[in-house]
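Each chain, written out:
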Amino acid sequence: MRKPIIAGNWKMYKTLSESVDFVRELAPRLASYTGVERVVCPTFVALAAVADALKNTDIRVGAQNLHWEAQGAYTSQIAPTMLQGLAEYVIIGHSECRAYLHETDEDINRKVKAALAYGLKPILAVGESLAQNEAGETQTFVGGQVRAALSGIESDNMQNIIIAYEPIWAIGTGKNASGEVANAIIGGTIRSTLAQLYGNEIAQSVRIQYGGSVKPSNMLEYMSQPDIDGALVGGASLKVDDFVQLVESAAKAKGL
Ligand code: 13P
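This write-up is about the structure you can find in this document.

1. Here's the deal with the sheet that holds strand β4 (residues 89-92)
Then, number 1: Spatially, 8 strands are ordered β1-β2-β3-β4-β5-β6-β7-β8 in a closed barrel, and the strand pairing comes out parallel. Between one strand and the next, the sheet's axes are offset by a mean angle of 25°, whatever the strand orientation.
Then, number 2: Across the sheet, helix α11 (residues 240-253) lies against β1 (5-9), β2 (37-41) and β8 (230-233), angled at about 160° from β1, the strand it touches most.

As structure tokens, this is what we get:
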């Protein structure tokens, strides 16, 4: 069975002290949900302190991006080597990075390769815009993003990659995709693409999250879908009570 994974993407929220206070409060409340993998992705500034605060827990830490080079003259960027020992996961290809930082499919492919080469696990984010969705292009576009991001990645690595389907029109808008629609893209489009690339066994074993306006009130709907293995959560991951409820719902829906 694929172990559910709930990751909080804190984006550009929470100062260093707010981040540490938050995980100190969160960790004991999540301690009993061992059947669900629980991940927090703070800003780079808070990464070391959060990792330290969580070191005696099984709550995992993720970064929100990385550069593909091991080091170099790239002002403002963070190398995979710098994340080693601090983060287990790293979000790659978030639509906000694609849009505002102009990250291309090629950049994202380089980042996925770099993360894997340095022992970090990518949470690869894909998803279509509202215009693409309305034009009926979702399947082709999302399938293409998955293929591009995984170009040259060997099947051995697929157990270390999480995919997050985040339709852009659902992020931070309160307009979430229904559980059925999200499941159809995740199961139909993304797993089918993985099956074409790596065969059915691997396609069935890769964990795929939904993201976009996930909240305690709709979490059960997503987690009750057979192909959805968790969530990548923005806003609702910033509140301890909401985070706990998301994990609780995941455990309940999957009978854990
Ligand atoms: P919201 O949960 O705030 O819609 O954000 C989703 C997201 O972008 C997670 O990466």
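2. Structural notes on the nonpolar core
Then, number 1: Core analysis: the largest hydrophobic core is formed by 69 residues, its most contacted members being Ile6, Leu150, Met158, Ile163, Ile190, Leu194 and Tyr210.
Then, number 2: Residue contributions to this core peak at 7 residues, all from α11.
Then, number 3: Other than its neighbours up to four places away in sequence, isoleucine 163 contacts Leu124, Val126, Val146, Ile190, Leu194, Val206, Arg207, Ile208 and Gln209.

3. A few points about α11
Then, number 1: Between the first and last C-alpha of α11 there are 20 Å, a value that for 14 residues agrees with the 20 Å anticipated at 1.5 Å per step.
Then, number 2: Turning to α11, its buried residues number three or more, namely Val240, Asp242, Phe243, Val244, Leu246, Val247, Ser249, Ala250 and Ala251.
Then, number 3: Residues of α11 that are buried sit in contact with β1, α1 (16-30), β2, α10 (216-223) and β8.
Then, number 4: The positive-phi residue at the C-terminal boundary of α11 is glycine 255, with phi of around 65°.

4. Some points on the pairing of β8
Then, number 1: Because side chains alternate across β8, one face comprises the buried residues Gly230 and Leu232, and the other comprises Ala231 and Val233, equally buried.
Then, number 2: Across 2 bridges, strand β7 (residues 207-211) lies against β8 in parallel orientation. Across the sheet, the residue bridging to glycine 211 is leucine 232, located in β8.

About the criteria used
- Residues numbered from 1 in each chain as written.
- Predicted model: local features only at pLDDT ≥ 70, side-chain atom pairs only at ≥ 80, totals over all residues.
- Heavy atoms only, no water.
- Pairing = 2+ DSSP bridges.
- Helix = DSSP H or I, 4+ residues; strand = E, 2+ residues; numbered from the N terminus.
- Axes fitted to C-alpha atoms, helices over the stretch in contact; angles between N-to-C directions.
- Contact = heavy atoms within 4.5 Å.
- Core = buried A, V, L, I, M, F, W, Y, C linked by side-chain atoms within 4.5 Å.
- Buried < 20%, exposed > 50% of the residue type's maximum accessible area, 1.4 Å probe, protein only.
- Expected span 1.5 Å × (residues − 1).

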